[in-house]
Amino acid sequence: MRGYVKGTDAPALIAKAVSAVGAGEIWAERRVLDKTISRHMLIPEMISSHVPNLQPLTSREMDMLNLVLKGATNREIAEMSNISERTVKTIFTACTGS
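Residues numbered from 1 in each chain as written. Predicted model: local features only at pLDDT ≥ 70, side-chain atom pairs only at ≥ 80, totals over all residues. Heavy atoms only, no water.

Novice: So what exactly am I meant to see when it comes to the overall build of the protein chain here?
Specialist: What the protein chain contains, in helices and strands, is six helices and zero strands. N-terminal to C-terminal, the α/β element order of the protein chain is α-α-α-α-α-α. Relative to all contacts within the protein chain whose residues are 6 or more apart in sequence, the contacts with residues 24 or more apart total 27%. If you sum the accessible surface of the protein chain, you get close to 7600 Å²; carbon and sulfur atoms cover 58% of it. (Helix = DSSP H or I, 4+ residues; strand = E, 2+ residues; numbered from the N terminus. Contact = heavy atoms within 4.5 Å. Areas by Shrake-Rupley, 256 points an atom, 1.4 Å probe, with all protein chains shown as cover.)

Novice: Got a minute to help me understand the confidence of the model for the protein chain in this structure?
Specialist: Here the protein chain averages 76 in pLDDT, while 70% of its residues score no lower than 70. Looking at the elements of the protein chain, mean pLDDT is at its lowest for helix H3 (residues 44-50), recorded as 60, and at its highest for helix H5 (residues 74-81), recorded as 89. (pLDDT = per-residue confidence, 0-100.)

Novice: I keep staring at the packing of helix H4 (residues 59-69) against H5 and nothing clicks. Help me out?
Specialist: In a pair of packed helices, the angle between the axes and the distance between the axes together describe the arrangement. Two elements in contact, H4 and H5, have axes separated by 10 Å at closest approach and are oriented at 140 degrees. It follows that H4 is oblique to H5 by the angle criterion. Helix-helix and strand crossings are classified by hand; for H4 and H5 the assignment is right-handed. Residues Arg60, Met64, Leu67 and Val68 of H4 pack against Ile77, Met80 and Ser81 of H5. The class makeup of the residues in the contact of H4 with H5 is five nonpolar, one polar and one charged. (Axes fitted to C-alpha atoms, helices over the stretch in contact; angles between N-to-C directions. Parallel < 35°, antiparallel > 145°, perpendicular 65-115°, else oblique. Left-handed = near helix turned anticlockwise from the far one by under 90°. Nonpolar A, V, L, I, M, F, W, Y, C, P; charged D, E, K, R; others polar.)

Novice: It is not clear to me how the side chain of Asp9 should be interpreted in this structure. Could you clarify?
Specialist: The residue Asp9 is located in the segment before helix H1 (11-22) in this model. Notably, Asp9 is buried but unbridged: the nearest opposite-charge side chain belongs to Lys6, and the N-O separation is 4.2 Å. Separated by 2.9 Å, the side chain of Asp9 and the backbone nitrogen of Lys6 make a polar contact. (Buried < 20%, exposed > 50% of the residue type's maximum accessible area, 1.4 Å probe, protein only. Lys, Arg positive; Asp, Glu negative; His and termini not counted. Salt bridge = Lys/Arg side-chain N within 4 Å of Asp/Glu carboxyl O. Polar contact = N/O pair within 3.5 Å; in protein donor to acceptor, adjacent residues only side chain to side chain.)

What follows is the structure, given as structure tokens:
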């Protein structure tokens, strides 16, 4: 399963979800993602087993990852971490290779 919508969601939202999943993305409400992530918390060993040559995350990087998993925006992460929003974007671009 790559997406989740409720039958009661607005048609425009359902269409957006279908387009996102069709483009290879994952679609779900933040509430659903939060529950899923908290039940199956990503641990560094699990991540590193799927990503060769991955360096361990620093405690600051783990803090930022936890903020992302809780649904924080780049701006919120920047404010909580006392760095610029541009720095947050640079960090996540470097981590994802995008």
